[in-house]
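Secondary and tertiary structure notes
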Amino acid sequence: MRQAGAYSGILSGGLSGKTGPHSLPLARIKKIMKKSGNDVKMISGEAPIVFSKACELFIEELTKRSWTMTIQGKRRTLHKEDVASAAIATDIFDFLVNLVSNSSHSMDNPVEIETTSK
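Reading guide: rules and limits
- Residues numbered from 1 in each chain as written.
- Predicted model: local features only at pLDDT ≥ 70, side-chain atom pairs only at ≥ 80, totals over all residues.
- Heavy atoms only, no water.
- UniProt positions renumbered as here; feature names shortened; annotations may be inferred.
- Axes fitted to C-alpha atoms, helices over the stretch in contact; angles between N-to-C directions.
- Helix = DSSP H or I, 4+ residues; strand = E, 2+ residues; numbered from the N terminus.
- Parallel < 35°, antiparallel > 145°, perpendicular 65-115°, else oblique.
- Left-handed = near helix turned anticlockwise from the far one by under 90°.
- Contact = heavy atoms within 4.5 Å.
- Nonpolar A, V, L, I, M, F, W, Y, C, P; charged D, E, K, R; others polar.
- Phe/Tyr/Trp six-rings, centres within 6.5 Å; stacked < 30°, edge-to-face > 60°.
- Buried < 20%, exposed > 50% of the residue type's maximum accessible area, 1.4 Å probe, protein only.
- Salt bridge = Lys/Arg side-chain N within 4 Å of Asp/Glu carboxyl O.

Looking at an unreviewed UniProt entry, the protein chain carries the name Transcription factor CBF/NF-Y/archaeal histone domain-containing protein, with the source organism given as Dovyalis caffra. What UniProt states about the protein chain under its Subcellular location (unreviewed entry) heading is, verbatim, "Nucleus".

Next comes the structure, spelled out in structure tokens:
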């Protein structure tokens, strides 16, 4: 069972306890959340903050795994191929495989991924 106040650290400025602006724009996150489905009408002020922190953690994790691929390639610059390799090699990133596995698509012109609501 989840403890009450589990997100209190995030809502008060992050897990590190720092207060101040969030590194990802909350308005943009809220816009993406509203665009995710016709059923999403109202979003509380705290929800984008939690999503912001989740996005930060996601980026950190994918970067760490991508950096491992960079090091294995005996390079010092992380490339999009490293991100693709990390996503393909890691089960939790299976949802990214279609996005990164097709090398004919440029990251400058990303593929539009359709979402279906049930």
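For the pair helix α3 (residues 47–72) and helix α4 (residues 80–89), the least separation of the axes is 8 Å and the interaxial angle reads 110 degrees. The orientation of α3 with respect to α4, classified from their angle, is roughly perpendicular. Remark: the crossing between α3 and α4 carries right-handed chirality. For the pair α3 and α4, contact is made by Leu62, Arg65, Ser66, Met69 and Thr70 and by Asp82, Val83, Ser85, Ala86, Ala87 and Ala89, respectively. Looking at side-chain class alone, the contact of α3 with α4 contains 6 nonpolar, 3 polar and 2 charged residues.

Taken as a whole and assessed by the stated rule, the structure comprises 2 aromatic pairs. Both rings, one in phenylalanine 58 and one in phenylalanine 93, keep their centres 5.7 Å apart while their planes meet at 80 degrees; by these two values the pair is edge-to-face. You can see phenylalanine 58 sitting in helix α3 and its partner phenylalanine 93 sitting in the loop between α4 and α5 (97–101), a full 35 residues away along the chain. Measuring from ring centre to ring centre gives 6.1 Å for phenylalanine 58 and phenylalanine 95, while their planes differ by 40 degrees; the resulting arrangement is tilted.

In this section: α4. Of the residues making up α4, those classed as buried are Asp82, Ala84, Ala86 and Ala87. Where α4 is buried, its residues contact α3 and α5.

On to the packing of helix α2 (residues 26–35) against α3. In helix packing, the relevant descriptors are the interaxial angle and the interaxial distance, both defined with respect to the helix axes. The interhelical angle for the contact between α2 and α3, taken along N-to-C directions, is 100 degrees, at an axis separation of 9 Å. When the axes of α2 and α3 are compared, the pair comes out roughly perpendicular. The segment α2 lies against α3, with Leu26, Ile29, Lys30 and Met33 engaging Ala47, Pro48, Ile49, Phe51 and Ser52. For the contact of α2 with α3, the per-class residue count stands at 7 nonpolar, 1 polar and 1 charged.

With that out of the way, let us pick up the environment of glutamate 81. With respect to the element layout, glutamate 81 can be found in helix α4. Residue glutamate 81 is classed as partly exposed on the basis of its relative accessible area of 47%. Residues glutamate 81 and valine 100, spaced 19 residues apart in sequence, show a C-alpha to C-alpha distance of 8.2 Å.

Turning our attention to the pattern of salt bridges. Considering all chains together, one arrives at 3 salt bridges under this definition. Here glutamate 56 ties to lysine 53 by a salt bridge, and the two come within 3.7 Å at their closest N and O atoms. Separated by 3 residues within a single helix, glutamate 56 and lysine 53 lie in helix α3, roughly one turn from each other. Given the relative accessible area of 19%, glutamate 56 is considered buried. Taking the shortest distance from any N to any O, the salt bridge between arginine 65 and glutamate 61 comes out at 2.6 Å. Taken together, the residues arginine 65 and glutamate 61, both in helix α3 and 4 residues apart, mark about one turn of the helix. Given a relative accessible area of 32%, arginine 65 falls into the partly exposed group. For glutamate 61, a relative accessible area of 29% puts it in the partly exposed group.

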